[in-house]
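Given next are the chains, with one letter for each unit.
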Amino acid sequence: MAQINDHYLKLKSGYLFPEIGRRIKFFSDANPTAKVIRLGIGDVTRPLAPAVIAAFHRGVDDLTRVNSFRGYGPEQGYDWLIDTVIANCFQSRGVQLKPSEIFISDGSKCDCANILDIFALGNKVAVGDPVYPVYNDTNVMVGRTGAADSQGYYDGIRYLTCTAENNFIPAIPTEKVDLIYLCFPNNPTGAVASKEQLQKWVDYALAHEAIILFDAAYEAFITGPEIPHSIYEIPGAGKCAIEFRSFSKSAGFTGVRCALTVVPEALSGKNAQGEPVALNALWNRRQTTKFNGVSYPVQRAAEAVYSPEGQQQNQEIVRYYLENARLIREGLEAVAVSCYGGVNAPYIWLKTPGGMSSWGFFDKLLNECHLVGTPGSGFGPSGEGYFRLSAFGQREDVEEAMSRIKKNLA
Ligand code: MLT
């Protein structure tokens, strides 16, 4: 019998969203006529922008003709998409990157997990608490941790507490860590970090030769002009940070799949002899061995996100979700529920009323309002007593959800 990877058995329970799905199914089987509104998982509901879908179609048509057919593409992505990304996401914000520093992929979730391939198990990792569970769980899976304690903290991971008391911005550790996951705008809390706050992390990383793994999947939702969209807007970050970007939430690609990871050539780790090794070369080696690139029509669709029409249409979609977020925030505040986020992010992070537990509030909302959100404790022990609502729903569902909340929670 083949031996399994025992580290998987340390994982506390199922991944959060399948567990929520299980509870919804149980409820719906028992209440088949209830119209359940889902504001749980951050999955988009608006269709692809017309300019994007037109480019997608053209990409498919290219595959029907001998002279424009494409087989395997470059594992790192086509240069026309990489050049477009550099010009629109980075140069436009004063950040200079080389094409060889961008790696197009099929998702930030996978990249955040796969990046662990190039780092030794002995590295000390810091994650937020609460946190996007992928950062924590993938470190458990590769064997970087011991078992979880009764609260759910894994031995070997440094947890950075994020609560209302620190405005959901974690304090810099006083000891040395090697890999630091930061996500801004934050999932799940919706918090954003200022340039000054990020500068402190960059200074820490440079001083301790640490690497920041910066998840910018939600940068399109930033509305404040002073808030950085990329970690590379912070001086020094080009020497200590890897950035993950995604088309999922900014352009509705959760089902289409396209993302990118930036690994600057100036980034180094050290080998067993203590000599510096370029992380860009390692990631390139990893990707070219384990990944065959994103499909040609999908990359054509992604390229069209940056056409003038594509930008204008996608900005409209982002505004639609931010308007949902406003409605959710105001609806909650009207029934005296304290909430955070939802201004520069598509998530509203609320304090459960009456000191209820996160799962207790989940069950109450599901049973009384037929509404699904995400229990804060699913994102880590410091998320207990909090709850997340996603603004990615359809407008009529958001309005209906808020009227049910008003009726049941007031
Ligand atoms: C979430 O709801 O936290 C996200 O949709 C999960 C993801 O992007 O993988």
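Read on for an overview of the structure.

### Remarks on the nonpolar core
- Phe90, Ile102, Ile212, Phe253 and Leu332 are the most contacted members of the largest nonpolar core, which totals 102 residues.
- In terms of domain composition, this core takes at least three residues from each of domain 1 (12-47 + 312-409) and domain 2 (52-308).
- Setting aside residues no more than four positions away along its own chain, Leu332 makes contact with Val337, Cys339, Ile348, Leu350, Leu389, Met402 and Ile405.
- Judged by nonpolar contacts, the second largest core, of 29 residues, contains Val127, Val140, Tyr153 and Trp283.

### Quick word on the site of the ligand
- The ligand sits among Phe17, Ile41, Gly42, Tyr132, Asn187, Tyr218, Lys249, Tyr347 and Arg388.
- Taking Gly42, its main chain carries an N or O atom lying 2.6 Å from an oxygen atom of the ligand.
- Relative to its unbound accessible surface of 270 Å², the ligand loses 86% to contact with the protein.
- Tallied by class, residues from the shell around the ligand come to 5 nonpolar, 2 polar and 2 charged.
- Two domains each put at least three residues into the shell around the ligand: domain 1 (12-47 + 312-409) and domain 2 (52-308).

### Some points on the sheet that holds strand β3 (residues 125-129)
- Ordered in space as β2-β8-β7-β6-β5-β3-β4, the 7 strands form an open sheet in which the pairing is mixed. Only two strands of the sheet have a single partner each, and these edge strands are β2 (102-105) and β4 (157-161). Strand-to-strand twist across the sheet, computed as the mean angle between neighbouring axes with direction ignored, equals 20 degrees.
- Here strand β5 (residues 179-183) pairs with strand β6 (residues 211-215) via 5 bridges, running parallel. Pairing of Tyr181 across the sheet is with Leu213, part of β6.

The rules behind these values
Residues numbered from 1 in each chain as written. Predicted model: local features only at pLDDT ≥ 70, side-chain atom pairs only at ≥ 80, totals over all residues. Heavy atoms only, no water. Core = buried A, V, L, I, M, F, W, Y, C linked by side-chain atoms within 4.5 Å. Buried < 20%, exposed > 50% of the residue type's maximum accessible area, 1.4 Å probe, protein only. Domains from an automatic or database assignment. Contact = heavy atoms within 4.5 Å. Near = heavy atom within 4 Å. Polar contact = N/O pair within 3.5 Å; in protein donor to acceptor, adjacent residues only side chain to side chain. Areas by Shrake-Rupley, 256 points an atom, 1.4 Å probe, with all protein chains shown as cover. Nonpolar A, V, L, I, M, F, W, Y, C, P; charged D, E, K, R; others polar. Pairing = 2+ DSSP bridges. Helix = DSSP H or I, 4+ residues; strand = E, 2+ residues; numbered from the N terminus. Axes fitted to C-alpha atoms, helices over the stretch in contact; angles between N-to-C directions.

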